[in-house]
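Report on the structure
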Amino acid sequence: MEQISEIRRTLQPYLNWHGARIGFLALFLVALFRVKTVNLQELSLGFMGSAQSASHYKRLQRFFRQFELDYYEVARLVVGLMEIPQPWVLSIDRTNWQYGDCVFNILMLGVVHQGVAFPLLWVMLDKAGNSNQGERIDLLDEFVSLFPTVEVAYITGDREFLGHLWVDYLHNTRHLPLRLRIRHSEKLYDGRRQLTAKVLFSHLQIGQHSRLRQRRRLWGHWLYVAALRLEAGDLLVVVSDAKPNESIRDYGQRWGIETLFGCFKTRGFCLESTHLQAPERLSRMIALLSIALCWGRCIIGI
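Since the model is a prediction, treat every value here as computed from it, not as a measurement.

Thresholds applied
- Residues numbered from 1 in each chain as written.
- Predicted model: local features only at pLDDT ≥ 70, side-chain atom pairs only at ≥ 80, totals over all residues.
- Heavy atoms only, no water.
- Helix = DSSP H or I, 4+ residues; strand = E, 2+ residues; numbered from the N terminus.
- Rg over C-alpha atoms; globule rule 2.2 N^0.38 Å.
- Contact = heavy atoms within 4.5 Å.
- Lys, Arg positive; Asp, Glu negative; His and termini not counted.
- Charge placed at Lys NZ, Arg CZ, Asp CG, Glu CD.
- Axes fitted to C-alpha atoms, helices over the stretch in contact; angles between N-to-C directions.
- Parallel < 35°, antiparallel > 145°, perpendicular 65-115°, else oblique.
- Left-handed = near helix turned anticlockwise from the far one by under 90°.
- Nonpolar A, V, L, I, M, F, W, Y, C, P; charged D, E, K, R; others polar.
- Core = buried A, V, L, I, M, F, W, Y, C linked by side-chain atoms within 4.5 Å.
- Buried < 20%, exposed > 50% of the residue type's maximum accessible area, 1.4 Å probe, protein only.
- Pairing = 2+ DSSP bridges.
- Phe/Tyr/Trp six-rings, centres within 6.5 Å; stacked < 30°, edge-to-face > 60°.
- Lys NZ or Arg CZ within 6 Å of the ring centre and 35° of its normal.
- Expected span 1.5 Å × (residues − 1).
- Arc of directions from axis to C-beta.
- Disulfide = S-S within 2.5 Å.
- Patch = residues over 30% accessible without salt bridge, like charges linked within 9 Å, V, L, I, M, F, W, Y side chains within 5 Å.
- Areas by Shrake-Rupley, 256 points an atom, 1.4 Å probe, with all protein chains shown as cover.
- Salt bridge = Lys/Arg side-chain N within 4 Å of Asp/Glu carboxyl O.

Comments concerning the overall build of the protein
Assigned secondary structure in the protein consists of 11 helices and 11 strands. For a compact globule of 302 residues, the expected C-alpha radius of gyration is about 19 Å, and the protein comes in at 21 Å, within 12% of that figure. Along the longest, intermediate and shortest principal axes, the C-alpha atoms of the protein span 75 × 40 × 35 Å. Counting contacts in the protein only where the partners sit at least 6 residues apart, residues at least 24 apart contribute 60% of the total. Here the protein contributes 36 positively and 28 negatively charged side chains, and the mean placements of these two sets differ by 3 Å.

Some remarks on the environment of P177
Here P177 lies in the loop between α7 (164-173) and β5 (178-182). In the structure, P177 is positioned 23 residues away from Y154 in sequence and 4.4 Å away in space, judged by C-alpha atoms. Dropping the residues within four chain positions of it, P177 is found in contact with V152, A153, Y154, I155 and D241.

Some remarks on the packing of helix α6 (residues 133-146) against α7
As a packed pair, α6 and α7 sit with axes 9 Å apart at the nearest point and diverge in direction by 20°. Our classification of the angle between α6 and α7 gives roughly parallel. Crossing hand, α6 versus α7: right-handed. In this structure, α6 uses Q133, R136, I137, L140 and D141 to contact α7, whose residues at the interface are H164, L165, W166, Y169 and L170. Partitioned by chemical class, the residues of the contact of α6 with α7 number 6 nonpolar, 2 polar and 2 charged.

Re the nonpolar core
By size, the foremost hydrophobic cluster in this structure holds 109 residues, and its most contacted members are F28, W88, L140, F143, W166 and F201. Leaving out residues up to four positions away in the same chain, F201 has contacts with S210, R211, L212, V225, A226, A227, R229, L235 and V237. Among the nonpolar cores identified, the runner-up in size contains 6 residues, and A226, L228, L236 and I248 belong to it.

A word on the pairing of strand β2 (residues 102-113)
The buried fraction of β2 amounts to 11 of the 12 residues, a majority that puts the element mostly inside the structure. Across 10 bridges, the pairing between strand β1 (residues 88-99) and β2 is antiparallel. Across the sheet, S91 pairs through a bridge with G110, a residue of β2. The hairpin turn running from β1 into β2, its antiparallel successor, is 2 residues long, and G100 in that turn takes a positive phi close to 65°. Across 8 bridges, the pairing between β2 and strand β3 (residues 116-124) is antiparallel.

A word on the packing of aromatic side chains
Summed over the entire model, instances satisfying the criterion amount to 17 aromatic pairs. Plain terms: the ring middles of F24 and F47 are 6.1 Å apart, the flat faces sit at 40° to each other, and that makes the pair tilted. With F24 in helix α2 (residues 19-35) and F47 in the loop between α3 (40-46) and α4 (53-66), this pair connects stretches of sequence that are 23 residues apart. Through a chain of ring-to-ring contacts, the aromatic side chains of W17, F24, F28, F47, F63, F64 and F67 assemble into a single cluster. A cation sits over an aromatic face here: R136 above W166, 5.9 Å from the ring centre. Cation over ring: R254 sits above W255, and NZ or CZ is 4.6 Å from the ring centre.

Section: α4
Residue pairs three or four apart in sequence face the same way in an α-helix, which turns once every 3.6 residues. Here α4 contains 14 residues, and its C-alpha end-to-end distance of 20 Å stays within 8% of the 20 Å for a straight helix at 1.5 Å per residue. The set of residues buried in α4 consists of H56, L60, F63 and F64. Projected down its long axis, α4 shows its buried positions confined to an angular sector of 85°, all on one face.

A word on the state of the cysteines
Under the counting rule described, the total for this entry stands at 0 disulfides. Of the cysteine sulfurs around C263, a residue in no disulfide, the closest is that of C294, at 11 Å. The cysteine C270 is free of any disulfide, with C263 supplying the nearest cysteine sulfur at 12 Å. Relative accessible area serves as the criterion here: at 25%, C270 is assigned to the partly exposed category.

Thoughts on a positive patch on the surface
A cluster of basic residues, K58, R62, R65 and R281, forms a positive patch at the surface. When residues of the positive patch are assigned to their parent elements, the largest contribution, 3 residues, is made by α4. Take R281: it is sitting in helix α11 (residues 279-298). Overall, R281 belongs to the partly exposed group, its relative accessible area being 32%.

Have a look at this one:
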């Protein structure tokens, strides 16, 4: 029970929850690290105490069905518990899976720290496939509202996170530096003609990288362009609005969010094994997994 008390003492300053709820969260975290799955029936077997597993199962069901979470509070807990220094590197990405006929599709924004993107905000997309520019802009608006004074080094995103409105929002509206991967088929304009990134960097051999000396116009903006030929032969093309010599390396920080998804899914808490289908209930699970990730990293050192 000493472990439960330690969790309660650690989390209480960040959560305006009733003591019983903090106690439940502590039991949940211990059970989660015991059974390593979010399946509620299996989780109930990992709970400490004299109560029957059936009672724990019902308690879990009630929490995910009824408890109103303040997700901004959870985001502030993540930042406070991990003591993430500024300036922040943000990574935006999407994870999805399917259970029966139900498709789960989550757009997430995290802050990269020690190789992992710790979750700040997310949205449960009510569709399959890519996010759109409006959904991303809404998510970043929430971030700026929640952390108005935080200095951001840059935001990274893969080839899904493209488009005129999106880049205009980052560049002009929010003044957030960007490091975005683009498709090698994108046409880049130099003031005289348009050529695709594939053509401009066709000379690169595997392992070689290069950048264009002058900015190129893309989606209505003049951006720096750099590229790296990957081992598989694919071309990694990154656009940035500053520090072009560092853009490929900076973009590498994006992989922190892939590490996060691995921790949440098959290599960690087996998120795909959840039977929760209602978006709000699944969002509560994501919040608890975010707290679990922080506790595991900063308290027990995994």
